[in-house]
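Residue-level structural notes
Spelled out from the first residue to the last, the chains are:
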Protein chains: 2
Amino acid sequence: MSDLSIGVDIGGTKVAAGVVDEQGAVIDRAQRDTPDGGATVTEAAIVEVVETLRARHEVCAVGVGAAGWIANDAATVLFSPHLAWRNEPVRERLAEQLDAPLLLVNDANAAAWAEYRFGAAQGQAVIVCVTLGTGIGGGLVADGQVYRGAFGVACEYGHMTLVPDGRRCACGNRGCWEMYASGRALARDARELAEESPVAAARMVELAGSVAALSGPVVTAAAAAGDAAAATICTTMGRWLGRGLANLAAVLDPSIFVIGGGVSRAGELLLRPAREEFSHSLTGRGFRPEAEVVGAALGADAGLVGAADLARNTTR
Amino acid sequence: MSDLSIGVDIGGTKVAAGVVDEQGAVIDRAQRDTPDGGATVTEAAIVEVVETLRARHEVCAVGVGAAGWIANDAATVLFSPHLAWRNEPVRERLAEQLDAPLLLVNDANAAAWAEYRFGAAQGQAVIVCVTLGTGIGGGLVADGQVYRGAFGVACEYGHMTLVPDGRRCACGNRGCWEMYASGRALARDARELAEESPVAAARMVELAGSVAALSGPVVTAAAAAGDAAAATICTTMGRWLGRGLANLAAVLDPSIFVIGGGVSRAGELLLRPAREEFSHSLTGRGFRPEAEVVGAALGADAGLVGAADLARNTTR
């Protein structure tokens, strides 16, 4: 029996797959764009990348990490904000096309597992992972288990209300954490600045090409290159990040927070203000051990590595 | 070996103890006021009620539930807002005086366990208990285990920030949930009303004896007796309760919320607006199963019953 497994990470823009060994190393890859056009073509794209890799490697299992709410049966996608699934029996439909043990898992849960097993949080008792992409993805690993909640939709903490009657979120509510700490928040802040003060935002707009094209990656790149306005935007976001972490610490009491996702490439520009605000906002500071706040170690691979490893551990 | 165990619930005003059988029934009781004067006399009071009961029953273990932060060693009280313990080896000092297997546990964690084992949440996959007293106590039981976090101080969610720069809390922060949903919040709202509109608050003030004596129990009693102003105060608090529950659902995804503590005696006056606001605020409503929101079943006994049962299960 092979010790290799395949992990697939399905995002809104691309389907990335990899063959992962027992040490978490990605030894082969396949990738394609996420197709438009509904559930059937999304599933066909998953099957395509998996079959591409299976033609080259014998594997023991396939783990599929999706940016959506996976029911506790690990078979049904209840809802996905960026994909075409609404209460769909995705595992069953994939299993008809893929003759391999198959696990379906939330992508941010998978990323948390990967950081726990092979990344920044190895050996930690309780790890809370915050994946900063367009929104916020979440994952909790406690005592060596992914925490899924009663219905499989735990750790959607990007939708904690941090600001009553605050900014409108795609989820329908107002003031969700991810409206203040995410790639979308960076882009919005940069566009607002560009409208109020074209001079201050000039370097970011130059990098982006236009005000409309200002994005999270542009802001973090400009900040890393020394642009003061971009750095200020990152600091503001870092503080919101820290406030949310303090709320999570009051609930979950982790030993470590791992901050991942594309936005986390801003590194210390984001993490330093996040740590300061976390420490400042933490209830009972001085009377309790404080969780570390660190950057993720596995970068963009965390989702697929975690999905592969969970599939290997779960299905055999 | 006896199947009986003793549970002790130490609050700011009284030390309540009971002998608890395997079905969660309290078959004997002892109680005294919480003494002033520091850790030593608090511990002496605990020893006194336990010895009173042990003189009458053979027991297999003693569980002590305290309104404080118990480190994950289940031996050290890190901090207690209303008791005289600051980083104290309480279990060791009690063990010197009590020749019995001894467990130290957070009182709200113990209450959650009791509701899971014998109360309103039997058989539930994930239960989140919210104990509304002077502040908010919390407990999470997932897959049959009390969740303690990395350092033993999980579920202090009364100190999630719900309102940035909101009301000042005893913990040092502003805008904590318990400043808006607790006995203290009811009392404050009633006093504010009495100052602004003595007529509207007349019945509550009459019940209390004076404006200064307005308290949570007075407000809930007045509301239960049909006073419109008191009912409005309960509704306002119920809505804040529901908002916080929605935040907790985004993180923890429980199958059931159990609302306990003295304030929960307001019953549906509190639970109805809480359910409405919870349902209104829940992220992803319509695409996920919704947790129930129910009142606690075990009343004031939950803490001691849970402490006794955890001690029996843990120490043998």
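Going along each chain's sequence as written, the residues are numbered from 1 onward. Throughout, the order in which chains and ligands are written sets their labels, letters from A for the former and numbers from 1 for the latter. Local features in this predicted model are restricted to residues of pLDDT 70 or higher, and side-chain atom pairs are both shown and tallied only at a pLDDT of 80 or more, whereas totals for entire chains, interfaces and linings draw on every residue.

Section: the domain arrangement of chain A
Residues and elements named next belong to chain A. By convention here, the domain bounds are inherited from an automatic or database domain assignment. Under the domain assignment used here, chain A contains domain 1 (5-114 + 301-315) and domain 2 (122-296). For domain 1 versus domain 2, the distance between C-alpha centres works out to 25 Å. Contact with domain 1, which involves 13 residues of that partner, is made by 17 residues of domain 2. Elements represented by at least two residues in the side of domain 1 that touches domain 2 include exactly strand E5 (69-70) and helix H3 (107-118). The helix and strand labels rest on DSSP assignments: H or I over at least four residues marks a helix, E over at least two residues marks a strand, and numbering proceeds from the N terminus. Ranked by residue count, the leading element in the side of domain 1 that touches domain 2 is H3, at six residues. Residue classes in the side of domain 1 that touches domain 2 are distributed as 10 nonpolar, two polar and one charged. Two residues form a contact once the distance between their C-beta atoms, set from the backbone, is within 7 Å. When residue character is reported, Ala, Val, Leu, Ile, Met, Phe, Trp, Tyr, Cys and Pro are called nonpolar, Asp, Glu, Lys and Arg charged, and the others, Gly included, polar.

As for the interface of chain B and chain A
Listed by partner, the interface residues are 35 residues for chain B and 35 residues for chain A. At the level of secondary structure, the elements contributing two or more residues to the side of chain B that touches chain A comprise strand E6 (77-79) and helix H7 (228-252) of chain B. The greatest single-element share of the side of chain B that touches chain A, amounting to six residues, is contributed by H7 of chain B. Its residues assigned to classes, the side of chain B that touches chain A shows 22 nonpolar, nine polar and four charged.

Considering the relation of the copies chain B and chain A
Copy-to-copy superposition: least squares on the C-alpha atoms, limited to residues that have pLDDT of at least 70 in both copies. With an RMSD of 0.0 Å, the fit of chain B onto chain A corresponds to turning through 180° and sliding 0.0 Å along the axis. With respect to symmetry, the two chain copies, as superposed, fit the operation of a two-fold axis. When the interface residues of chain B are mapped onto chain A, 100% of them again lie at the interface, so the same face is used by both copies.

Comments concerning unusual backbone geometry
Residues other than glycine predominantly adopt negative phi, and peptide bonds predominantly adopt the trans conformation. All names here are of chain B. Although it is not a glycine, Asn 87 adopts a positive phi angle of roughly 55°. The phi angle at Asp 165 is positive, at roughly 60°, despite the residue not being glycine. Tracing the chain through its elements places Asp 165 in the loop between strand E11 (145-146) and helix H4 (183-196). Once C-beta atoms are placed from the backbone, each residue is buried if 20 or more other C-beta atoms lie within 10 Å of its own, exposed if 12 or fewer, and partly exposed for counts between those two. Among the residues examined, Asp 165 registers 9 C-beta atoms within 10 Å and is labelled exposed.

As for the pairing of strand E2 (residues 14-20) of chain A
All names here are of chain A. When you tally the buried positions in E2, you get six out of seven residues, the bulk of the element. When DSSP finds two or more bridges between two strands, those strands count as paired. One ladder, built from six bridges, connects strand E1 (residues 5-10) with E2; its direction is antiparallel. Following the sheet pairing, Asp 9 is matched in E2 by Ala 16. Counted along the chain from E1 to the antiparallel partner E2, the turn is three residues long. Alignment of E2 against strand E3 (residues 26-33), held across seven bridges, turns out to be antiparallel. Bridge pairing in E3 places Lys 14 opposite Asp 33. In this antiparallel pair of consecutive strands, E2 and E3, the connection spans five residues, and Gly 24 shows a positive phi of 85°.

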